[in-house]
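Observations on the model geometry
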Amino acid sequence: MILDGKCPTGPIETSWDRHRFETKLVNPANKRKFKILCVGTGLAGGAAAASLGELGYQVEAFCYQDSARRAHSIAAQGGINAAKNYPNDGDSIYRLFYDTIKGGDFRAREADVWRLAQVSNNIIDQCVAQGVPFARDYAGYLDNRSFGGAQVSRTFYARGQTGQQLLLGAYSALSRQVKAGTVKLYERREMLDLVVVDGVARGITCRNMVTGEIESYWGDAVILATGGYVNVFYLSTNAMGCSVTAAWKAAKKGAYMANPCYTQIHPTCIPQHGEHQSKLTLMSESLRNDGRCWVPKKVDDCEKAPGDIPEEDRDYYLERKYPSFGNLAPRDIASRAAKEQCDDNRGVGPGKRGVYLDYQSAIERVGEDTIRERYGNLFEMYEKITAENAYQQPMRIYPAPHYSMGGLWVDYNCMSNVPGLFVLGEANFSVHGANRLGASALMQGLADGYFVIPYTIAGYLATVKPGEIKDDHAEFKKSAEDVKAQIDQLLSIDGNKTPSELHRELGKVMWEDVGMARSKESLEHALQRIPEIRDDFWNNLKVVGSNEEYNQELENAGRLADFLEFAEVLAKDALHREESCGGHFRTEHQTEDGEAMRNDEDYCYVAAWEFKGAGVEPELHKEPLKFENVKLAVRSYK
Amino acid sequence: MKLKLHVWRQNGPNDKGRLETYEAPDVSPDQSFLEMLDDVNQALAKEGRDIIAFDHDCREGICGMCSQVINGKAHGGQERTTVCQLHMREFNDGDEIYIEPWKAKAFPIIKDLAVDRTGLEKIIQAGGYTSCHTGGVADGNALPIGKEAADYAMDAAECIGCGACVASCPNSSAMLFTSAKVAQLAVLPQGKVEAHRRVMAMTEAAKESDFGNCTNHYECQAACPKGIDVKFIAKLNREYLKALIK
Amino acid sequence: MQLTQSSVGRKIIMAVTGIVLVAFVCVHLLGNTSIFVGADAINAYAQKLHSLGPLVWVFRLVMLAAFVIHIFFGIQLTIENKAATPEANVQVKRQKTGFAAETMVISGLVLLAFVIYHLLHFTVRVTNPEIYVPMGDQGMVDVYYMVVMGFQAVLPVAVYVVAMGFLFLHVSHGFQSFFQTLGLSNDKSLPITMNISKLIAVVLLLGYISIPVLIVAGLVKI
């Protein structure tokens, strides 16, 4: 089936304004009759719940943490982009639009990206009004920095904790609505099913993570803002609780999963130290502004202390390969380059999976104090984890799974192919194409939540009767029974493998075969291994405890069950996409000097997969991508 | 390393808790404290025994979910460090470690080391925001904010809401938590407008949520993994006085 | 309402009444040390106070009010604070606070008991009727004689010295607390006020115990 993204036609500059005008409104007096469920309280979900509550809808918001303030948006460090052009350095909405399209390797929808660039400015204003303490200069105006290789300074930041501050801003807006009674918060709830009646999303089924109770909630629309799925790799920079579960439950009820193979591997993470590691820690990309990446030229030197390796025996591989961007090459490129060096057996540190990020020349150039001022908190964090002082010896870094550009398919209104189901933020696929630029994730989450969904959801609600189907409908009962049945099944296997053991196994396969570089062979291997692990899971899993308590093993088992189905679709998507683009690199499709080679002729489309059951071939639906304002070009950072 | 752990086990708010002893036989100094507990839990699960429940999420010291009192100190007492960022190299082979939950009337125990921190939510809901509407706000640069004020607000805003201040306070007071938000917003022009109402409402909410009163022990600052300064409590008091005499 | 019921309001009341009491204790010490100048000096000081007439009673009432309010809210807040932590952990290690701050209610109650004894000793003149010798025709007594005779035995001296130890503890936390509570401190000033607080507490301690100790040691005599 060919999917229609329902993008406005005509001049792109006015597309969002025209669309807003053409979208139906809900009468203010009628708004309170509609109930909207919002799953996830990160930047997208928190902002959406707060904004919709303020508009007068009845909102119920859900999160698995003990507080809405803990969503993983909080961990973003670097900053948030906006086309304000405060520094007068040539930025514009068009340039942000263009950079985002190009950065995404021409695999995103033009209209969505334009809208994002356009509302980016409102986000900054909104956050300032909420009391977000952005960095300011001595005149009292907002400070900007350049980030992630952008050639203009358009990134707003709040020390190294921009995500935290923006999330706390959204959380405060949400808290205000909770107090006002327009939003009802349900913490420590995990969504375990989407209730669909006659093809329309009508509610969700949740597990109360404290009591184990299975609860039904009805809504006239359901919003999923449940983040990304890179924990499918087991080790990632995501929080421990991040999972594909909510999105996958929707996929199992008919929502299409788009471009799952677009995963971002972040280049500046702290390398793995051992087998028992639970997660990887990211350090801001800004580190590459002053640090130089290198590995020893000779394999024999890898065991030596870095200080003992003379300058001429060091390979500054990014500067060598990309003379004009050097150490500031985009994430996907920098990550792949690091992997190549390690595959060449020239990695450093434990297991030789690491490269050096060296500040020596920067310290010589600007002094240690300046470096401390710029990156002090990151150096501190690095030392806490590794017990190494990065002022005296180079940091060791290695790429780690970080963000998923893919996600549930949505149209221009952020509505999935299941009417009434809206998907926001990282959970949808819409604006980042095949690769996300630094400081764009926060922008998207808040754009969707504050400035897109409040308009577009009205267009849908204006067509439905409020409260038509409530939780007394038979479908809710059935959903609750299904959820309960799966929990009982997980608890009754009583095998000998714990969820994290099995998750680690899956992660290993995904990282080796579906990680930074993929080939037909590796993907086929993964597609053989994933069902094996899945069988192992359903036959040998051991979950201790019961459902009727706070049971973290049970939570993990449930999430892993979904990862095990989803991973197969991810690998299938990667296998089907016979090209390299952005975060998806197929070794068969590269230029002579190892650069990604896109195939615009055959693959300039969104691949949306319809799940048909575990082990059954999913059905591919395509949404062709049209580029009318940007010319398709080879993405070169040489 | 080999360690002996004394861990607080409690099945719910009404259960009488107790310390139980576990061995951590093979601990790597590079592991984080929570990864060490993961290993203990894996071993328990393998034996079919109930695992130790503890809250955690981001494991990079920013979400504020992890909450353990280690050897009598919230987050283990290392300066500016959450439990998830505490590494095992801080301990020695053969150490005995006491692991207990946040204990306060305002934080009922859910299970073992996990507690219910809804009280902190109530404080924010009472007024920890500016009442601005989505959309329709002024340009971000319309009101210049001095760098000093911006930095001061940021210092306060670093609070991660973990509750270590409450757990370490001899009075179980949430004053540092409350003051961080009051001070952040009071110093910014956007928040100043509602400063009087906010400080009254937030301190009242803290009282209603069963938190104790501040008697200037300053334990909270020592325990805070983000180093939030008690000067913000002084600021809150100042704001309170202003609101009182206005 | 706000002031007498809220958490911060009552804390402010504690601070203000506390500082009034500290001020009194300081002035009281200054007056008392005139004993070292001689019998005439301290009797003249007593005479001067006596001559103020009704003002003395106003002053006494203010002090009594401050004292009662301070004690009332101190106890009330302490009960609330204890209730906020129904069960402590097995291991509790404090990092910043100290013995003085943690025992405010105890040192406070000891001081209450001491003040009652002190009033019975020198003001209401119940405990040691033998030490009062009339002086002049205004119904006054020889204060110098009273004080010196009052500290001839070791027991009252010991009571005073111990009580002043508690005063030291109470003031060393209480004085700096005043600044924090009224919002008069920040990160730079707080360590300084904490030191000043200890200094004042030490001065009060040494100043006050010097009187009974020097008397019982025989260095100040009739």
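1. Comments concerning the pattern of salt bridges
Using the criterion set out here, one finds 82 salt bridges over all chains in the structure. In this structure, a network of salt bridges that share partners links the residues Asp105, Arg107, Arg577, Glu579, Arg598 and Asp600 of chain A.

2. Considerations on the packing of aromatic side chains
Evaluated as defined, the whole model comprises 37 aromatic pairs over all chains. Look at Tyr94 of chain A and Phe97 of chain A: their rings are 5.6 Å apart centre to centre, the planes differ by 65°, and that puts the pair in the edge-to-face class. Pair noted here: Tyr94 of chain A and Phe97 of chain A are both in helix 4 (residues 93-103), with a separation of three residues, about one helical turn. Judged by relative accessible area, which is 0%, Phe97 of chain A ranks as buried. Aromatic pair Tyr117 of chain C and Tyr160 of chain C: ring centres 6.0 Å apart, planes at 65°, arrangement edge-to-face. Of this pair, Tyr117 of chain C sits in helix 6 (residues 104-123) while Tyr160 of chain C sits in helix 8 (residues 154-181), placing them 43 residues apart in sequence. On the accessibility criterion, Tyr160 of chain C (7% relative accessible area) is buried. The structure contains a cluster of three or more aromatic residues connected by ring pairs, namely Phe114, Tyr117, Phe122, Phe151 and Tyr160 of chain C. The aromatic ring of Tyr64 of chain A is capped on one face by Arg559 of chain A, whose charged end is 5.3 Å from the ring centroid. One Lys or Arg, Lys103 of chain B, reaches over the ring of Trp8 of chain B and ends 3.6 Å from the middle of that ring.

3. Observations regarding the nonpolar core
Ile80, Phe134, Ile204, Leu421 and Leu461 of chain A together with Leu5 and Phe33 of chain B are the most contacted members of the largest nonpolar core, which totals 255 residues. Residues contacting Phe33 of chain B, with those up to four places away along its chain left out, are Gln68, Ile70, Val83, Leu86, His87, Met88, Phe91, Ile97 and Ile99 of chain B.

4. Details of the interface of chain A and chain B
Contact with chain A, which involves 77 residues of that partner, is made by 74 residues of chain B. Note on chain A versus chain B: buried area summed over both sides is about 6300 Å², and carbon and sulfur give 50% of it. Among the residues chain A hides against chain B, the three largest losses belong to Arg70, Arg159 and Lys384 of chain A. Together they make up 11% of the total. Where chain A packs against chain B, one counts eight salt bridges. Close ionic contact of Lys111 of chain B with Glu549 of chain A constitutes a salt bridge, the shortest N to O distance being 3.2 Å. Counting every contact that joins chain A to chain B gives 53 residue pairs in polar contact (both at pLDDT 80 or more).

5. Some details on the packing of helix 3 (residues 147-157) of chain B against helix 5 (residues 175-187) of chain B
Residues and elements named next belong to chain B. Direction vectors running N to C along helix 3 and helix 5 enclose 160°, while the axes themselves pass 8 Å from each other. With respect to helix 5, the element helix 3 is oriented roughly antiparallel. Of the two possible hands of crossing, helix 3 and helix 5 adopt the one that is left-handed. Here Ala149, Tyr152, Ala153, Ala156 and Ala157 of helix 3 lie close against helix 5, whose contacting residues are Ala180, Ala183, Gln184 and Val187. Along the lines of polarity and charge, the residues of the contact of helix 3 with helix 5 split into eight nonpolar, one polar and no charged.

6. As for the interface of chain B and chain C
Each partner contributes to the interface: chain B provides 46 residues, whereas chain C provides 42 residues. For the pairing of chain B and chain C, the buried interface totals around 3700 Å² over both sides, and the portion due to carbon and sulfur atoms is 50%. Linking chain B with chain C are one salt bridge. Asp187 of chain C is the salt-bridge partner of Lys231 of chain B, the closest N and O atoms lying 3.6 Å from each other. Linking chain B with chain C are 29 residue pairs in polar contact (both at pLDDT 80 or more), by the criterion used here. Elements represented by at least two residues in the side of chain B that touches chain C include exactly strand 5 (96-100), helix 7 (195-208), helix 8 (219-223) and helix 9 (231-245) of chain B.

7. Examining the domain arrangement of chain A
All names here are of chain A. With domains assigned, chain A is organised as domain 1 (265-399) and domain 2 (474-624). For domain 1 and domain 2, the distance between their C-alpha centroids amounts to 31 Å. The interface of domain 1 with domain 2 comprises eleven residues on the first partner and eleven residues on the second. By the criterion of area lost to domain 2, the three top residues of domain 1 are Ile265, Arg336 and Lys339, representing 49% of everything that side buries. Remark: the boundary between domain 1 and domain 2 carries one salt bridge. Notably, a salt bridge pairs Lys508 with Glu275, separated by 4.0 Å at the nearest N-O pair. At the junction of domain 1 with domain 2, the criterion picks out two residue pairs in polar contact (both at pLDDT 80 or more). In terms of residue class, the side of domain 1 that touches domain 2 is built from four nonpolar, one polar and six charged.

8. Some points on the pairing of strand 5 of chain B
With four bridges connecting them, strand 1 (residues 3-9) of chain B and strand 5 of chain B associate as parallel partners. For Val7 of chain B, the partnering residue across the bridge sits in strand 5 of chain B and is Ile99 of chain B.

9. Overview of the side chain of Lys572 of chain A
Considering the arrangement of structural elements, one finds Lys572 of chain A in helix 16 (residues 552-576). Engagement of the side chain of Lys572 of chain A in a polar contact is seen with the side chain of Glu617 of chain A, the distance being 3.5 Å.

10. Looking at empty space enclosed by the protein
Applying the stated criterion across every chain, the model contains 18 cavities of 30 Å³ or more. Estimates place the volume of the second largest cavity at around 580 Å³. In this structure, the second largest cavity is lined by 33 residues; those nearest its centre are Met240, Gln552 and Asn556 of chain A together with His56 and Arg59 of chain B. Residue contributions to the lining of the second largest cavity peak at seven residues, all from helix 16 of chain A. Taken together, the residues that form the lining of the second largest cavity break down as twelve nonpolar, twelve polar and nine charged.

The rules we used
- Residues numbered from 1 in each chain as written.
- Chains lettered and ligands numbered in written order.
- Predicted model: local features only at pLDDT ≥ 70, side-chain atom pairs only at ≥ 80, totals over all residues.
- Heavy atoms only, no water.
- Salt bridge = Lys/Arg side-chain N within 4 Å of Asp/Glu carboxyl O.
- Phe/Tyr/Trp six-rings, centres within 6.5 Å; stacked < 30°, edge-to-face > 60°.
- Helix = DSSP H or I, 4+ residues; strand = E, 2+ residues; numbered from the N terminus.
- Buried < 20%, exposed > 50% of the residue type's maximum accessible area, 1.4 Å probe, protein only.
- Lys NZ or Arg CZ within 6 Å of the ring centre and 35° of its normal.
- Core = buried A, V, L, I, M, F, W, Y, C linked by side-chain atoms within 4.5 Å.
- Contact = heavy atoms within 4.5 Å.
- Buried area = accessible area lost by both parts, 1.4 Å probe.
- Polar contact = N/O pair within 3.5 Å; in protein donor to acceptor, adjacent residues only side chain to side chain.
- Axes fitted to C-alpha atoms, helices over the stretch in contact; angles between N-to-C directions.
- Parallel < 35°, antiparallel > 145°, perpendicular 65-115°, else oblique.
- Left-handed = near helix turned anticlockwise from the far one by under 90°.
- Nonpolar A, V, L, I, M, F, W, Y, C, P; charged D, E, K, R; others polar.
- Domains from an automatic or database assignment.
- Pairing = 2+ DSSP bridges.
- 1 Å grid on protein atoms, 1.4 Å probe; cavity = no way out; pocket = protein on both sides within 12 Å on 5 of 7 lines; lining within 4 Å.
- Points joined across faces, edges and corners; volume = space filled by probe spheres on them.

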